[in-house]
Amino acid sequence: MDRAEKKEMVSFLEEVFATSGSVVVTQYIGLTVAEVTDLRVQMKKSGAKFKVIKNRLAKIALENGDRGVASEMFKGPVGIAYGLDPVAAPKVLTEYAKKNDKLKIIGGLIGSSAMDDKGVEALAKMPPIEEMRSKLMGVLLMPGSNLARVLNQPGEKFARQLNAPAQNLIGVFAAYKAKLEAAA
């Protein structure tokens, strides 16, 4: 890898660390090419990516940003998983690591905060971002719908009160009609 390629990789990593919802750092000692390819396919299905990187370049990219606290995670053969959804990459990696003990989750990054493997597992247990957004919208819209229902109740009650004499009158006429028919 020449100097220009290294610069390009460092800028790519800086962008990944800055724009991803979460970045998970893994060690993949002993994984075959087929297993890594399978992992990449699973990551792509969930909207995330997996990339094998050079530790030195990752440390440079971390130091250029405000994420130097995570540089200690980059030892040995390291791969990173990242995506816009902060839950997608941890979810896929946690499931894959349960099935394949050659993949080890070291830790991760959310913004400029580092987390250990337990933090990644906790993040993997969270619902996807779309579900979280829909729940939040439901919570935000609930007071408005409750207010609309409460404000509508007096009008509905008033309409029922106005309609009640008409309903009673219809009942009286129906009873009178039945009485006439029975007399005839």
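All of these numbers come straight from a predicted model, not from anything done at the bench.

S.K.: Explain the overall build of the protein chain to me, please; I cannot follow it from the model alone.
M.R.: Helix and strand counts for the protein chain come out as 6 helices and 5 strands. Order of helices (α) and strands (β) in the protein chain, N terminus to C terminus: α-β-α-β-α-β-α-β-β-α-α. Its C-alpha radius of gyration of 31 Å places the protein chain more than 25% over the 16 Å reference for a compact globule of 184 residues. When the backbone C-alpha atoms are referred to their principal axes, the protein chain occupies close to 110 × 35 × 30 Å. Relative to its 184 residues, the protein chain shows a buried fraction of 30%.

S.K.: Sorry, what's going on with the pattern of salt bridges here?
M.R.: When their charged atoms lie close together, side chains carrying opposite charge are able to pair. Applying the stated criterion across every chain, the model contains 3 salt bridges. Lys135 is paired through a salt bridge with Glu131; the nearest N and O atoms lie 3.5 Å apart. One end of the pair is Lys135 and the other is Glu131, both in helix α6 (residues 129-183) and 4 residues apart, which spans about a single turn. With relative accessibility at 35%, the residue Glu131 sits in the partly exposed group.

S.K.: Just checking my understanding: could you explain a nonpolar patch on the surface for this structure?
M.R.: Judged by side-chain polarity, Leu136, Met137, Leu140 and Leu141 come together as a nonpolar surface patch covering roughly 410 Å² of accessible area. Along the polypeptide, Leu140 turns up in helix α6.

S.K.: Is there a simple way to think about a positive patch on the surface in this case?
M.R.: Positive charge collects at one region of the surface, where Arg3, Lys6, Lys7, Lys54 and Arg56 lie side by side. In terms of residue count, the dominant contributor to the positive patch is helix α1 (residues 3-19) (3 residues). Along the chain, the position of Arg3 falls in helix α1.

S.K.: Explain the sheet that holds strand β4 (residues 104-110) here, please?
M.R.: Hydrogen bonds between backbone atoms are what pair the strands of a sheet, whose relative direction is either parallel or antiparallel. Judged by pairing direction, the sheet is antiparallel, and its 5 strands sit side by side in the order β2-β3-β1-β4-β5 without closing on themselves. Because the sheet does not close on itself, it has two edges, and the strands there are β2 (48-53) and β5 (113-116). In this sheet, neighbouring strand axes are inclined to one another by 25 degrees on average, regardless of whether the strands run parallel or antiparallel.

S.K.: I would appreciate a short explanation of the environment of Gly108 in the present structure.
M.R.: When you line up the elements, Gly108 lands in strand β4. Overall, Gly108 belongs to the buried group, its relative accessible area being 0%. In this structure the C-alpha to C-alpha distance between Gly108 and Ile80, which are 28 residues apart in sequence, comes to 8.7 Å. Apart from the residues lying within four places of it in its own chain, the contact partners of Gly108 are Val23, Val24, Val25, Met73, Ser113, Ala114, Met115 and Val120.

Basis of the calculations
Residues numbered from 1 in each chain as written. Predicted model: local features only at pLDDT ≥ 70, side-chain atom pairs only at ≥ 80, totals over all residues. Heavy atoms only, no water. Helix = DSSP H or I, 4+ residues; strand = E, 2+ residues; numbered from the N terminus. Rg over C-alpha atoms; globule rule 2.2 N^0.38 Å. Buried < 20%, exposed > 50% of the residue type's maximum accessible area, 1.4 Å probe, protein only. Salt bridge = Lys/Arg side-chain N within 4 Å of Asp/Glu carboxyl O. Patch = residues over 30% accessible without salt bridge, like charges linked within 9 Å, V, L, I, M, F, W, Y side chains within 5 Å. Areas by Shrake-Rupley, 256 points an atom, 1.4 Å probe, with all protein chains shown as cover. Lys, Arg positive; Asp, Glu negative; His and termini not counted. Charge placed at Lys NZ, Arg CZ, Asp CG, Glu CD. Pairing = 2+ DSSP bridges. Axes fitted to C-alpha atoms, helices over the stretch in contact; angles between N-to-C directions. Contact = heavy atoms within 4.5 Å.

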